[in-house]
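Per-entry structural report
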Amino acid sequence: MKKPELSFRQIWNLSFGFLGVQIGYSLQNSNTSTIFESLGADLHQLSYFWLAAPVAGLVVQPIVGLFSDGTWTRFGRRIPFILGGAVISALALALMPNAPLLLAFAPLAMGAFILLFMDLSFNVTMQPFRALVADMLDDSQKTKGYVVQTFLINLGAVIGAVLPLILTKCGVADSAPEGSVSPHIACSYYIGGAILLLTVLVTSFRTKEYPPEQFMLYNGEDNADAAKYEKPSFAELMRNIPRVMLQLGVVQFFSWAALFLMWTYLKPAITGVVTAHDTGLLLTDGQTQTWVGVLNGTYPVPACIASLFLGGIAAKWGNKTVYAICLLFGAAGFFGLASISDQYLLMLPMVGIGIAWAGILAMPYSILSLAVEARRMGVYMGIFNFTITIPQIVVGLLGGVIVEYLFGGRPMWMLLLAGVFMMLAAVSVAFVKERK
């Protein structure tokens, strides 16, 4: 029995909370390196602090997926986890800029603890959104659902990235005494936390998940199959893992390694390199950090635009073709970042990275959702997150060594390495066997 076709507004509400989560995540991506540098971290330590996000995702997402698969409450199956994680995420965003005040004698340690706390809660909130789209939509609407989700994710990324710039235009200071977080970043975190909570509330109260009997009926099951929803062992899950997940994992490894390199090293790579468009003078450290926020807010814009067309193009040319082309645009973007110094021209490579980002957020989930049983959608979406977190952990552990000893302390070379990784990701798409 087919699931009912949902209206655009209903599909929009399914993922609207992801808008707020991505605002918080974008603030973290744009400002984590700067915050930890202000707290006393040096260049070769930065990748270690960035390990908090992938480690949290590696542990939390499969657990949340496993438990949400078997959770049937009056509030829904996924919503309790989304709402609970959002409350904690908003609190973490409020605490992060205050790390120097919370533990004055060890601000770096406190910052690292809050970052881990923040990433744990982000992952509790994010993971069920992927499964929620698959739960609620018929196969004929799943690509559309993930494309809408991709659009909202990128819109949130834009808002989070440019919030500090907007606040500086409103007169909020972009500098602070040594050992403190600048006011424009602190205020951005407070505003981002509030938006996160509000958008998740919209999803929570505007989405009515299917009750157990109805859900099983839509997926060709009956009450006698209820035992299937008991929690399986991890070993059993791994034995029955869909082969396409392993094939997509290779693509994911290279693409997410490339993105992690950019998030970690973009600021140090362009510091002392990027020049003002009107004067040709090097930007100051504070100006460079603000411009990093602008660049991180640039690539989600073409990603938003690209996401509007991905569904139609994929319907004609196939998910794999669209996926590979998107990744090739990303490779070109990374090579462009390493060869341009003008602040405005640096926005051009971000267009290519944005197109890649749109493909990364939509295509693998569309391919995977067709190959996973509905009763195991949450846990396998969580396990699939391994393909996002493991490359980031590998790069986080090795990044400091690579930049210091292989590249002689020149972080710009890490952006070139990101381009190579993205090219390898595009080639790897050819080996994915998609279920039609």
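In short, a report on the structure. Every chain begins its residue count from 1, and numbering advances along the sequence as written. Given that the model is predicted, a residue must reach a pLDDT of at least 70 before its local features are reported, and side-chain atom pairs must reach 80 or more before they are shown or counted; all residues, however, enter totals for whole chains, interfaces and linings. Calculation of side-chain values draws on the structure's entire complement of heavy atoms; hydrogens and water are dropped beforehand.

1. Section: the layout of surface pockets
With a 1 Å grid spanning the protein atoms alone, the term cavity applies to any set of points in which a 1.4 Å probe fits but cannot get out, the term pocket to an open set with protein on both sides within 12 Å along at least five of seven lines, and the term lining residue to any residue with an atom within 4 Å of a point. Grid points are joined across faces, edges and corners, and a volume is the space filled by probe spheres set on the points. Space inside the largest pocket adds up to approximately 350 Å³. In this structure, the largest pocket is lined by 20 residues; those nearest its centre are Thr34, Ser38, Asp285, Gly286 and Gln289. Secondary-structure elements contributing two or more residues to the lining of the largest pocket are helix 1 (8–38), helix 8 (183–206), helix 11 (243–270) and helix 12 (285–298). Residue classes follow a fixed rule: Ala, Val, Leu, Ile, Met, Phe, Trp, Tyr, Cys and Pro count as nonpolar, while Asp, Glu, Lys and Arg count as charged, and any other residue, Gly among them, counts as polar. By residue class, the composition of the lining of the largest pocket is 6 nonpolar, 10 polar and 4 charged. Each helix is a run of H or I in the DSSP string that is no shorter than four residues. Each strand is a run of E no shorter than two, and both are numbered from the N terminus.

2. Some points on the pattern of salt bridges
One side-chain nitrogen of Lys or Arg within 4 Å of one carboxyl oxygen of Asp or Glu is enough to make a salt bridge. Scanning all chains against the criterion turns up 3 salt bridges. Residues aspartate 135 and arginine 77 are paired through a salt bridge, measuring 3.5 Å at the closest nitrogen-oxygen approach. You can see aspartate 135 sitting in helix 6 (residues 107–136) and its partner arginine 77 sitting in the loop between helix 3 (52–69) and helix 4 (79–95), a full 58 residues away along the chain. Taken individually, aspartate 135 and arginine 77 each receive the classification buried, so the pair is uniform in this respect. A salt bridge links aspartate 135 to arginine 78, with the nearest nitrogen and oxygen atoms 2.6 Å apart. Of this pair, aspartate 135 sits in helix 6 while arginine 78 sits in the loop between helix 3 and helix 4, placing them 57 residues apart in sequence. Each member of the pair, aspartate 135 as well as arginine 78, is classed as buried. Among the ionic contacts, a cluster of salt bridges with common partners joins Arg77, Arg78 and Asp135. Classification of residues uses two cut-offs on accessible area relative to the type maximum, computed with a 1.4 Å probe and protein chains only: under 20% is buried, over 50% is exposed, and between them is partly exposed.

3. A word on empty space enclosed by the protein
Evaluation of the coordinates by the stated rule reveals 4 cavities of 30 Å³ or more. Of the volumes computed, that of the largest cavity is approximately 300 Å³. Lining the largest cavity are 22 residues, with Gln61, Met126, Trp256, Asn385 and Ile388 sitting closest to its centre. Where the lining of the largest cavity is concerned, the elements lending two or more residues are helix 1, helix 3, helix 6, helix 15 (347–369) and helix 17 (386–406). The element contributing the most residues to the lining of the largest cavity is helix 6, with 5 residues. For the lining of the largest cavity, the class distribution of residues is 12 nonpolar, 8 polar and 2 charged. For the second largest cavity, the calculated volume is near 60 Å³. The wall of the second largest cavity is formed by 10 residues, among which Asn29, Ser30, Trp263, Lys267 and Val292 lie closest to the centre. Of the residues that constitute the lining of the second largest cavity, the class distribution is 5 nonpolar, 4 polar and 1 charged.

4. A word on the nonpolar core
Buried Ala, Val, Leu, Ile, Met, Phe, Trp, Tyr and Cys residues form a nonpolar core when they are joined through side-chain atoms within 4.5 Å. Residues Met262, Leu266, Leu327, Phe334 and Leu337 are the most contacted members of the largest nonpolar core, which totals 126 residues. Among the elements that take part in this core, helix 11 stands out by supplying 17 residues, more than any other. Among residues more than four places away in sequence, those in contact with leucine 337 are Met262, Leu266, Leu346, Pro349, Met350, Ile353, Met412 and Leu415. We call two residues contacting when some pair of their heavy atoms lies within 4.5 Å.

Everything listed is a geometric property; what it means functionally is a separate question.
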